[in-house]
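Tertiary structure, described
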There are 2 protein chains.
Amino acid sequence: MIRTKIISVGDEILIGQIVNTNAAFLGQRFFAAGMPVERTVVISDSESAMLSEFADSVNEFDITVITGGLGPTHDDITKPALVKFFGDELVTDQKVLSHVKRFFAERKIVMPEVNEGQALVPANSEVIWNNNGTAPGIWIESAGRVFVALPGVPYEMKPMIDEQVIPKLKEKFSSKTGKTFLQKTILTTGIGESSLFEKFGNIDELLGGCRMAFLPSATGVRLRINAEAENEQEASDMIESVKQKINLYAGEYVFGEEEETLELVVGLLLRERKATLSLAESCTGGEISSKIVSVAGSSDYYLGGVCTYSNEAKVNIIGVQDSTLEKHGAVSIQTAVEMASGARRLFGSDYALSTTGIAGPAGATASKPVGLVCIGFSSAEKEYALEFSFGNRRDINIDRASQRALEILRRELLKIRIIF
Amino acid sequence: MIRTKIISVGDEILIGQIVNTNAAFLGQRFFAAGMPVERTVVISDSESAMLSEFADSVNEFDITVITGGLGPTHDDITKPALVKFFGDELVTDQKVLSHVKRFFAERKIVMPEVNEGQALVPANSEVIWNNNGTAPGIWIESAGRVFVALPGVPYEMKPMIDEQVIPKLKEKFSSKTGKTFLQKTILTTGIGESSLFEKFGNIDELLGGCRMAFLPSATGVRLRINAEAENEQEASDMIESVKQKINLYAGEYVFGEEEETLELVVGLLLRERKATLSLAESCTGGEISSKIVSVAGSSDYYLGGVCTYSNEAKVNIIGVQDSTLEKHGAVSIQTAVEMASGARRLFGSDYALSTTGIAGPAGATASKPVGLVCIGFSSAEKEYALEFSFGNRRDINIDRASQRALEILRRELLKIRIIF
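These numbers were taken from a predicted model, which means no experiment stands behind them.

**Some thoughts on the domain arrangement of chain A**
Taken domain by domain, chain A holds domain 1 (4-172), domain 2 (180-257) and domain 3 (262-414). Each of domain 1 of chain A and domain 2 of chain A has a C-alpha centre, and these two points are 36 Å apart.

**Some remarks on the state of the cysteines**
The tally for this structure, following the rule as stated, stands at 0 disulfides over all chains. Cys283 of chain B carries a free sulfur, and the closest cysteine sulfur to it, the one in Cys374 of chain B, is 8.7 Å from it.

**Notes on helix α6 (residues 154-172) of chain B**
Where α6 of chain B bends most, at Ile161 of chain B, the angle is about 50°. All buried positions along α6 of chain B are accounted for by Glu156, Met157, Pro159, Met160, Ile161, Gln164, Val165, Ile166 and Leu169 of chain B.

**So, the sheet that holds strand β12 (residues 254-257) of chain A**
Residue and element names in this part refer to chain A. Strand order in the open sheet formed by 4 strands is β10-β11-β9-β12, and the pairing between neighbours is antiparallel. Each edge of the sheet is formed by a strand with only one pairing partner; in this case those strands are β10 (211-217) and β12. Strand-to-strand twist of the sheet, defined as the mean angle between neighbouring strand axes without regard to direction, takes the value 25°. When β10 meets strand β11 (residues 220-229), the two strands line up antiparallel, connected through 7 bridges. Bridge pairing links Ala213 to Arg224 in β11.

**Observations regarding the pattern of salt bridges**
Throughout the structure, instances matching the rule amount to 47 salt bridges over all chains. For Glu106 of chain B, the salt bridge goes to Arg107 of chain B, with nearest N and O atoms at 3.8 Å. Owing to a relative accessible area of 46%, Glu106 of chain B belongs among the partly exposed residues under this scheme. Between Glu257 of chain B and Lys243 of chain B there is a salt bridge whose closest N-O contact spans 2.7 Å. Of this pair, Glu257 of chain B sits in strand β12 (residues 254-257) while Lys243 of chain B sits in helix α9 (residues 232-250), and the two are 14 residues apart along the sequence. Sharing partners across several salt bridges, the network here consists of Lys5, Arg39, Glu53 and Asp56 of chain A together with Lys5, Arg39, Glu53 and Asp56 of chain B.

What counts and what doesn't
- Residues numbered from 1 in each chain as written.
- Chains lettered and ligands numbered in written order.
- Predicted model: local features only at pLDDT ≥ 70, side-chain atom pairs only at ≥ 80, totals over all residues.
- Heavy atoms only, no water.
- Domains from an automatic or database assignment.
- Disulfide = S-S within 2.5 Å.
- Bend = angle between axes of the 7 residues up to and from the residue.
- Helix = DSSP H or I, 4+ residues; strand = E, 2+ residues; numbered from the N terminus.
- Buried < 20%, exposed > 50% of the residue type's maximum accessible area, 1.4 Å probe, protein only.
- Pairing = 2+ DSSP bridges.
- Axes fitted to C-alpha atoms, helices over the stretch in contact; angles between N-to-C directions.
- Salt bridge = Lys/Arg side-chain N within 4 Å of Asp/Glu carboxyl O.

Next up, the structure:
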């Protein structure tokens, strides 16, 4: 197994001024290339921190990718630290110097003198060309270990990785990367992490040699399956087998794979059926509508929605009966049904969903606590509403109510039992 | 100087499936508290990697914060690794067990047995309470070093840091942090990073010894100001002086501070004026509505909104004239004005906003490109709409149109000139 490590250099990452998206990009690319990242370290622009990381790399890792600290100013110390560590020296690379000069000339900018320093590279290194900037990448090999230093600017670094670094590493380590790695993520909603875990029974049997991670969020649990095998076919079969077992034990909760969203999946189902949707939202306040509209092309099936945040709007616009509000209250199964029904009539859609609840923190009564949400459904065949108890946090209640409403629609469209 | 380190646990971060936003959050919070993070490490759910990081922490760092690996399933190994490292044992904490049981009971879910394990904590530790989930945080002190283990789910971890961990650490290390660090973030919208920079003139003069970072996003530029001084008063004065200068040069673009959102600020202004708002959204699809409703107590001033995603809905529900749609099209100044006007009548509100545009990727024509958005405003005194050209990305167009609509309302409420 090839062992890969990333060193991200920069105070701006450590103090949270920027999020380390470079490391995420590198993680994806190296994983896909069968050289998964085992360790990522973020350090400041400090020589001692860098030297100690280099020492750790030489001891433990086949590949070390360093991003950042390659610019032309005084606080960019990756190159000096590399030559110090390897007992090398910096020399001017004439081809890089012409590239840097041409870069400025093409942009009709006088080159600041400090940029001449960008043509300095370690004597015992190869250059990784930077077609989108002036800082060259550096490739150093020492005792079978590879160190690659790249600029931290994402649009400079990314093509250097894809076009030069990964192919070069694959070639160098071809004999060591015998195995094939595959990954699949299965998306579930409507069931908690631990209930899902229990449904799976004997987890080792289910996995049959794959690895699986449970990744919970407020709106569902993602299952990431990893397979490692001699060849692609074998890895793919291993994953397919896990997928089938997941579907056998908990298929009704599975709504998609990889980066799919529930609103995307529901949209595809509506489009397939040439059906249309409308909404009447109260406690979710437009969140379901905005999720549906976030999907390109949603105007094919989404007619629109009403956010009836006041009782007057519920009565005047969507047609909830005054008597219903008086007798049962705005947060009730009855009001939710009348809202869904009213939206379906108002927009003339095939399906309608509604939400009414107490998102919090205010608005609770003895019988109606924060987190109580009623979700209504209406179609030509049936109308009903379900009551849910979510939690204490307003934002999460809104998220969970939105996701649950979409899940009710998904189950109705697929004729799966409605039970949570 | 207090030395702080973060250990983020999880394959999903290493392989780039999720971006390490937790580390960015922690970086910000610890920087603001005067205990800046010196090193962040991402490792997999592997005991040996964890033990070797703990050894490094004990040697070098005052504070080690570990996120992730605290859930109830087989791949969550932070707690076992901690007790192994410190030669401790896991014992059931009865208070945590009741909390976990109550958590399920309140949600009317039968607690899966595996969750009993969440009440296991190291014997020599204190519990950091998790009010938004079932996995408790763990606080361990050993030879003057502090280890804090927290769940990786952001909405569980973040309040634990702000409400419990940072205050507890500040108390413990108060004697070691000699200097006072203060930070303030000023929020602007409606002006770009470089235009803002130019308005400030001589930046060193403006800063008077403070540091400032420009943090641009699609919807505005945040200005983060940092002061370091002998005492709180001095640091606070330094920041106040910068704030005054920013307001002098670019005050009309400043809408708030710290974590305030534009929807929160607009809500406060509406409440002060006892005024009400309604919406008619097309291209933003409910995004403005959901932003407004995300603010607790928004039912005091928000009556509701309509998402008129089809032309029929624009005509039938909100009262746009058929002839307007025919002559000018759905994406036009005229339609935007009639939508805002119609919403104000329908809901009986004091103010109304509307949006209609081409969010993309489809829907463009020769004269109406992707990114064209018309935003309408209506009050008893005036009705108008403005045309904007945003970019090519659907999600960003929706964000920017939503933010701009709210900014128009803010300026109207404060009687600031409407110019962008």
